[in-house]
Amino acid sequence: MSCRKRTPARVNPVLRHEAEKRLNLDGQWAFALDPHKQGLADGWPQDPGALDGRIEVPGTWQGQGFGGDEKECVRDFRLWARTFRATYTGTGWYGKAFSVPPEWAGSRVWLNFGGVHPSAEVWLNGVRLGYNNLPFVPFAFEISDFLQPGKANHLAVRVHERNRWLGFAYNWQGNWSGLYRGVELTATGSIGFERFWVCPSVEERALRLRVRLDGFCPSGGPLALHVAARHIDSDADVIERTFEFGQREAELALPIPDPRLWSPDTPNLYRIDASLLQDGAVMDACAERVGFVSLAGKDKQLLINGEPYYIRGTGDFVACPETGSPDTDRGRWRRKLRTLRDYGYNMVRCQSYVYTPEYLDVADEVGLLIQSEMGMLGGWGGMDVYHDYSWPMPTPDCRALLKRQWDNVVMRDVTHPSANVYCMSNELAFFYYARTARQCYEDTKAIKPSAMVIWTDGRHHESFPADFLNAEAGIDPGKDADKPLIQHEYRWWSTFPDVRLADKYSGAIRPYGAEMAMECAAAHGIAHVLPQAAENSCRVQFIEAKGKMEACRREHPMLAGISHFNAMDLNPSPQGIIDEFYERKYADASTWRQTNGDTVVLCNLAFDGRALAAGDTLRCGLAVSDFSHPPLQHPSIEWKIESGGEVLAFGRADFDHRPYRTCPAGDIEFVVPPVASPRKARLRAVLFEGERRFTNTWHLWLFPSDTRLPAGVAVYGAPKYTWLKDVVELPAVDERGLDVDRLRLILSECLDDALIEFARAGGRVLLAASEGLLRPFPPKLGLNVGRYFFTPPANYPPYESGHNATIILDHPMLGAMPHRGFADLHFYRMIAESPAIDLEPLGLNDTDPVIRAIHSYPVGRSLGYIVERFLGRGGIVISALDLNPAWPEARYLFAELAAYAAGDAFCPSAVLSEAALAALIEATALP
């Protein structure tokens, strides 16, 4: 006796027809792990009592605490952690007893699984029904012949490791397993839908209906398909039609006059109710939800329903802390995906996997385009230092499975207007499979004509099929020059794991990033700084993300969009503007939309141009990128610079506005007025037309033009390696030597016996930290400039290489330097290319530095930019900042440091130990 299998099955649909027969089997199931694979030999499929545990379906067993407390590899980041509530890789068994409703007597009954990972074998009443080894694909077995009417039926499911690689990106946080979507029974008459899919056509203003029947018999009674369509928000204007046909498959069309189109701005949806009739009786029924949308590329622009859209995408790595497995809670996704839309995003790229239909249901509702990515051509990252070659290439041993999963997922999601972009690989550098790519491209279009398809995300090759390009903005696309180009994976700006959020991780996933941070920080004696480290790193991440996102949009005027990696955090790599629970970190939604909105005002201020001296002239250009719907026609732009409620300058520009690209919008010229002390200022630009307003802001810092050093300051030796070599206006220590009565402060690169004696006698030393004191690191992942100021990209190894912002104490040595507890852009030039002091081996970690650098969290060393200590009756200040006298902010801070160190306010919180003194002498004695 054979059992028929169907893929893809339809499970937990968002809409249900009133005549549909469906019974949910979710909830509590029996469960047992099978680490020694004894279940088959011991007859567990035939023994309902063999499974003595209890588990919830849907879900993952590791997320529900089944397993041990071992660590496993978080594969993309090469970290070892206990990521789920429990760790286990191997076999597990599920069991469920159920009864079929009496009114289903005489029906054909199907057992439907929404999703199993990695692979499953299924038994009913001791009879093996079959297996499934495609983790992304829902499947069903017809069980009509195996049911026990009027009795309990016993279902057993063995979930095991076969083909785990087909669910590849599901496992990036560690291996999980289980029935991760719902399980249902459905019933039909003797004939039913094998497939019923709806493809709305914007061009034809019609619903294309495609029907394939299961159980069709040419000698049976006449068949009819009754279809009713209406807009989801209206019970009026229902369009109905009954189609008669007498074959197994049919393609039909239902005209929809003037359909309301689906787009990110207007996510209009239609409800389709379909019933299959034979001799007037309902054999099968279903309800679908669809949207009319047309995607195209033209003149470098990506068009949605004929209008250019600026794609503001994000990556997603199936980070679902509540469930561990892909979340199927539509209510939770409604909150999360509405937050994404509030923050300006209109597209999500699922990095090397696909989400569940429940996720796509909500994306349909809120207006998000979704790029599904199933590794058809083999690449996650190719072979490079950051990735292994994880998806297999479509060689003969696995090509059929890869293609079967691909086609089934496209069919699974055919009705979703959001699921309209499909990608075959990530950053694939190998061009072996052009014919496979072409077949995949054409077959996808045949299933879903509205879809856009690309062969890889992150590379470009003219011979491979692609409806648009997702690559680096500066590439030469050759013959594909007219295709839309979206900036790939821009650019992994991360923050320090927030230990304050640890209690929010009450579900399947542990706060393992924060746990590693706490463990490493405790080992280095800096656990007390972790809350401030999280807050300050969020501030610096926002500064970098805002500046670089706007620069990318400004510098590439015909770019079709940016795929920002990522909008939301990943547990061990907090890259998001929002956290892993889709809640605010630093910037609120309205602030981030100034950078990530449809229409954005831009300026060309660089990170190193924010600090100005009185009398300096600020010159910068404004630009506008307008992708509103409808776009502006003849807008104007106003700007002003203000500080402390005082308007320092203002202006207005009328410009030649050009929508759907970035265009120049005028220049600003501003002479900095005299200031007695540093002031923070704000440049604010407003683009307006009628009642419509778009604003953006950028911060500036204004410094006095003249700074005065105290008397009695001299330079010791002949500095060669630090900013001291540029301090030409100060005298060198002359032949009269280090006289405490004559000299108050000595600037030096080294610490020798003479300076030590000077300090012990009451003098002060400002030591400019050079090589022996510092902990430098190389650039990483493209962060070639500003690597010591900005946060590490993506938290990839090597983990030694990266800082996560600064913590600045309120301290008199900083004078009136504004700081809010961290180094903002007026510190950028002093830190960007200057590594921090490695405090621990120098014995300087016994108290907090005045300016602390927060080291990469998987290492967590104690680092600093300014420290001070008593030494005898005097003392020492050590600075790793680049206090280049050409910069007004450095001149000011140098003067304040000198005044403090030379004056009566000098009062360090700790004494320099003899061990630390010896370490400083050795470290600064490099030839």
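Everything here concerns the structure above.
All of these numbers come straight from a predicted model, not from anything done at the bench.

(A) Structural view of the nonpolar core. Core analysis: the biggest nonpolar cluster contains 213 residues, and L337, L340, M424, F827, I837 and I878 have the highest contact counts within it. Tallying contributions element by element places helix α10 (residues 888–902) first for this core, with 9 residues. Once you skip the residues sitting within four places of it in the chain, I878 turns out to touch L767, A769, L773, I837, L844, Y865, I866, V867 and L920. Counting residues in each nonpolar core, the second largest holds 32 residues, with W61, F141, L155 and L185 among its members.

(B) Fine view of the environment of C750. Mapped onto the elements, C750 comes out in the loop between β43 (745–748) and α8 (753–760). In the structure, C750 is positioned 101 residues away from A649 in sequence and 46 Å away in space, judged by C-alpha atoms. Setting aside chain neighbours within four positions, we find C750 in contact with Y716, L755, L767 and T924.

(C) Representation of the packing of aromatic side chains. Under the criterion given, the structure shown has 50 aromatic pairs. Geometrically, the ring pair formed by F168 and W391 is edge-to-face, given 5.7 Å between the ring centres and 65 degrees between the ring planes. Separated by 223 residues along the polypeptide, F168 in the loop between β13 (153–160) and β14 (178–179) and W391 in the loop between β28 (369–373) and α3 (399–412) bring together distant segments of the chain. Summarising the burial analysis for this pair, F168 and W391 share the class buried. An aromatic cluster is built from F136, Y170, W176, Y180, W333, Y353, Y355, Y359 and Y582, whose rings are joined through pairwise contacts. Positioned over the ring face of W333 is K336, at 5.1 Å from the centre of the ring. Sitting over the ring of Y441, R438 keeps its end group 5.3 Å from the ring centre.

(D) Local environment of the state of the cysteines. For the structure shown, the criterion picks out 0 disulfides. Looking at C398, it has no disulfide partner, and the nearest cysteine sulfur is the one in C440, 13 Å off.

(E) Just the pattern of salt bridges, in detail. Per the counting criterion, the structure on display carries 64 salt bridges. Residue E20 is joined to R10 by a salt bridge in which the shortest nitrogen-to-oxygen separation is 2.8 Å. In this pair, E20 is assigned in the loop between β1 (5–6) and β2 (21–24) and R10 in the loop between β1 and β2, connecting sequence segments 10 residues apart. Its relative accessible area of 14% is what places E20 among the buried residues. Given the relative accessible area of 23%, R10 is considered partly exposed. Put simply, R861 and D838 hold a salt bridge, and the shortest N to O gap is 3.2 Å. Here D838 lies in strand β46 (residues 837–838) and R861 lies in the loop between β47 (851–855) and β48 (862–871), a separation of 23 residues in the sequence.

(F) Broad picture of the pairing of strand β12 (residues 139–142). A two-sided burial pattern is seen for β12, the buried positions comprising F139 and F141 on one face and A140 and E142 on the other. As paired elements, β1 and β12 share 2 bridges and run antiparallel to each other. Bridge pairing in β12 places R6 opposite A140. As paired elements, strand β8 (residues 108–113) and β12 share 4 bridges and run antiparallel to each other. Each bridged residue has a counterpart across the sheet, and for W110 the counterpart in β12 is E142.

(G) Examining the environment of V293 more closely. Checked against the element boundaries, V293 lands in the loop between β22 (281–290) and β23 (295–298). The exposure class assigned to V293 is buried, which follows from its relative accessible area of 4%. With 423 residues separating them in the primary sequence, V293 and Y716 have C-alpha atoms 73 Å apart. Filtering out sequence-adjacent residues up to four positions away, V293 remains in contact with V202, W262, I304, N305, P417, N420 and S450.

(H) Spatial organisation of unusual backbone geometry. Cis peptide bonds are those with omega within 30 degrees of zero, and the linkage from Y490 to R491 qualifies with -5 degrees. Relative to the assigned elements, R491 resides in strand β32 (residues 485–491). Between F565 and N566 the backbone carries a cis peptide bond, its omega angle lying at 5 degrees. Even without a glycine there, the phi angle at R205 is positive, about 50 degrees. Tracing the backbone through its elements, the reader meets R205 in the loop between β16 (192–201) and β17 (206–214).

(I) Focus on helix α6 (residues 530–555). The end-to-end C-alpha separation of α6 is 37 Å, in line with the 38 Å expected for 26 residues at 1.5 Å each. Most of α6 is tucked away, with 20 of its 26 residues classed as buried.

(J) How the structure looks around the sheet that holds strand β18 (residues 223–231). Here we have 4 strands laid out as an open sheet, ordered β19-β18-β21-β22, and antiparallel in their pairing. Edge positions in the sheet fall to β19 (239–245) and β22, since each of these pairs with one other strand and no more. The mean inter-strand angle of the sheet, taken between neighbouring strand axes irrespective of direction, is 15 degrees. The sheet contact formed by β18 and strand β21 (residues 270–278) spans 9 bridges and is antiparallel. Of the residues in β21, the one forming a bridge with L223 is Q278.

What counts and how
- Residues numbered from 1 in each chain as written.
- Predicted model: local features only at pLDDT ≥ 70, side-chain atom pairs only at ≥ 80, totals over all residues.
- Heavy atoms only, no water.
- Core = buried A, V, L, I, M, F, W, Y, C linked by side-chain atoms within 4.5 Å.
- Buried < 20%, exposed > 50% of the residue type's maximum accessible area, 1.4 Å probe, protein only.
- Helix = DSSP H or I, 4+ residues; strand = E, 2+ residues; numbered from the N terminus.
- Contact = heavy atoms within 4.5 Å.
- Phe/Tyr/Trp six-rings, centres within 6.5 Å; stacked < 30°, edge-to-face > 60°.
- Lys NZ or Arg CZ within 6 Å of the ring centre and 35° of its normal.
- Disulfide = S-S within 2.5 Å.
- Salt bridge = Lys/Arg side-chain N within 4 Å of Asp/Glu carboxyl O.
- Pairing = 2+ DSSP bridges.
- Expected span 1.5 Å × (residues − 1).
- Axes fitted to C-alpha atoms, helices over the stretch in contact; angles between N-to-C directions.

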